[in-house]
Amino acid sequence: MTAQAPLIAELANLVTPTWRGGSPARPAQGDELVTAFSAAAGERIAAALRDVPDAATRLTTLAVALRDALTAPTPAETAARINAMMSRYAARPYLVEDEDQPFHLHFHGSGETAVEALGGEFATALALVVDGYGSNRLGMCEARRCEGVYIDLTRNGSRRYCGPACTARAKTAAYRSRQ
Ligand SMILES: [Zn+2]
């Protein structure tokens, strides 16, 4: 389940930041959002999204909820927001057997479309990160002018930035400030 972490952050980051990587962000909308998210999500999810007529609107709603959970101010608020998502998307566990893999547990949501199914999966993945690692593993990029979110699955919980570009920017800024 925690394998979904990069995809969860990707969806939130496609839609919700005002600033990203030092520049004003342009939220992905409509077909552009569905195409970009499908490319990140892989063929199984991409195929399911093609059957959802208003996928972009539903993905935007999910992205906003994910950002709210990832940027909650306190551990109690993080838990409350993830609990609300699991309830809203009606996440329920069931065993599936994917090709070439033994049976394993999925937590699809039971809402109307593939997006709600994904919402249940993502909400449960966030809950498992909090359960296994702690709510301090969910966060927002500390680089200047960036509101990218991340899920930190590093061994020592050392992550502070949304990706390699912001890590490099922050290092450069720190170097310059020492000159
Ligand atoms: Zn960043």
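Residue numbers here run from 1 along each chain, matching the order of that chain's written sequence. Residue-level local features of this predicted model are given only where pLDDT is at least 70; pairs of side-chain atoms are given and counted only at 80 or more, and the full residue set underlies all totals for whole chains, interfaces and linings. Hydrogens and water molecules were not included; the side-chain quantities draw on all heavy atoms of the structure.

Asks: How would you explain the overall build of the protein if you had to name every residue and give the values?
Replies: When you go through the protein residue by residue, the secondary structure sums to 7 helices and 6 strands. The secondary structure elements of the protein, listed N-terminal to C-terminal, are α-β-β-α-α-α-α-β-β-α-β-β-α. Just to be clear, the radius of gyration here is over C-alpha atoms, and the globule rule we use is 2.2 Å times residues to the power 0.38. Here the C-alpha atoms of the protein give a radius of gyration of 17 Å, agreeing with the 16 Å that 2.2 N^0.38 yields for 179 residues. If one aligns the C-alpha atoms of the protein with their principal axes, the spans along those axes are about 55 × 35 × 35 Å. For the protein, with 179 residues in total, the buried portion stands at 42%. Approximately 9,800 Å² of the protein is accessible, and the part contributed by carbon and sulfur atoms is 52%. Within this scheme the basic residues Lys and Arg register as positive and the acidic residues Asp and Glu register as negative, but His and the chain ends are omitted. Each charge is placed at NZ for Lys, CZ for Arg, CG for Asp and CD for Glu. In the protein, the 19 positive side-chain charges and the 19 negative ones have mean positions that sit 14 Å from each other. Under the scheme used here, helices are H or I runs from DSSP no shorter than 4 residues and strands are E runs no shorter than 2 residues, and both carry numbers assigned from the N terminus. Exposure is judged per residue with a 1.4 Å probe applied to protein chains only, and the accessible area is read against the type maximum: over 50% gives exposed, under 20% gives buried, and values in between give partly exposed. Under the convention used here, a 1.4 Å probe and the Shrake-Rupley method define accessible areas, while residue burial counts only the protein chains that appear.

Asks: Before we move on, could you go through the coordination of the zinc ion and cite the residues and values that matter?
Replies: Any nitrogen, oxygen or sulfur atom within 2.8 Å of a metal ion counts as a donor, with the limit raised to 3.2 Å for Na, K and Ca, and since water is left out, coordination shells can look unfinished. C141 (SG), C146 (SG), C162 (SG) and C166 (SG) make up the full set of protein donors to the zinc ion, lying at 2.3 Å. Expressed as a motif, the donor residue spacing for the zinc ion is C-x4-C-x15-C-x3-C. Placement of the pair is C141 in the loop between strand 5 (138-140) and strand 6 (149-151) and C166 in helix 7 (residues 164-178), with a sequence separation of 25 residues. With a relative accessible area of 5%, C141 lands in the buried category.

Asks: So what's going on with the environment of V129? Which residues, and what values?
Replies: Tracing the backbone shows V129 in helix 6 (residues 114-133). What makes V129 buried here is its relative accessible area of 2%. Once the C-alpha coordinates of V129 and R20 are considered, the two residues, 109 residues apart in sequence, prove to be 24 Å apart. We call two residues in contact when some of their heavy atoms are within 4.5 Å. When near neighbours in sequence (up to four residues on either side) are disregarded, V129 contacts T2, G134, R137, L138, I151 and L153.

Asks: Go over a nonpolar patch on the surface with me, naming the residues and quoting the values.
Replies: A contiguous nonpolar surface patch, about 320 Å² in accessible area, is contributed by L95, F103 and L105. Looking at the element boundaries, L95 is found in strand 3 (residues 94-96). Relative accessible area serves as the criterion here: at 56%, L95 is assigned to the exposed category. Within this analysis, patches are made of residues with over 30% relative accessible area and no salt bridge. Like charges are joined at 9 Å or less; nonpolar side chains (Val, Leu, Ile, Met, Phe, Trp, Tyr) at 5 Å or less. Throughout this description, the term salt bridge denotes a Lys or Arg side-chain nitrogen within 4 Å of a carboxyl oxygen of Asp or Glu.

Asks: Before we move on, can you summarise the packing of helix 5 (residues 75-88) against helix 6 with the specific residues and values?
Replies: The geometry of a pair of packed helices is captured by two quantities: the angle between their axes and the separation between those axes. Comment: axis = line fitted to C-alpha atoms, over the contacting stretch for helices; angle = value between 0 and 180 degrees taken between N-to-C directions. For the pair helix 5 and helix 6, the least separation of the axes is 8 Å and the interaxial angle reads 150 degrees. When the axes of helix 5 and helix 6 are compared, the pair comes out roughly antiparallel. The way helix 5 lies across helix 6 gives a crossing that is left-handed. Along the contact surface, helix 5 presents T78, I82, M85 and M86, while helix 6 presents G119, A123, T124, L126, A127 and V130. Each angle is binned into one of four classes, with values under 35 degrees roughly parallel, values over 145 roughly antiparallel, values of 65 to 115 roughly perpendicular, and all other values oblique. Crossing handedness: left-handed means the near helix sits turned counterclockwise from the far one by under a right angle, and right-handed means the same turn made clockwise.

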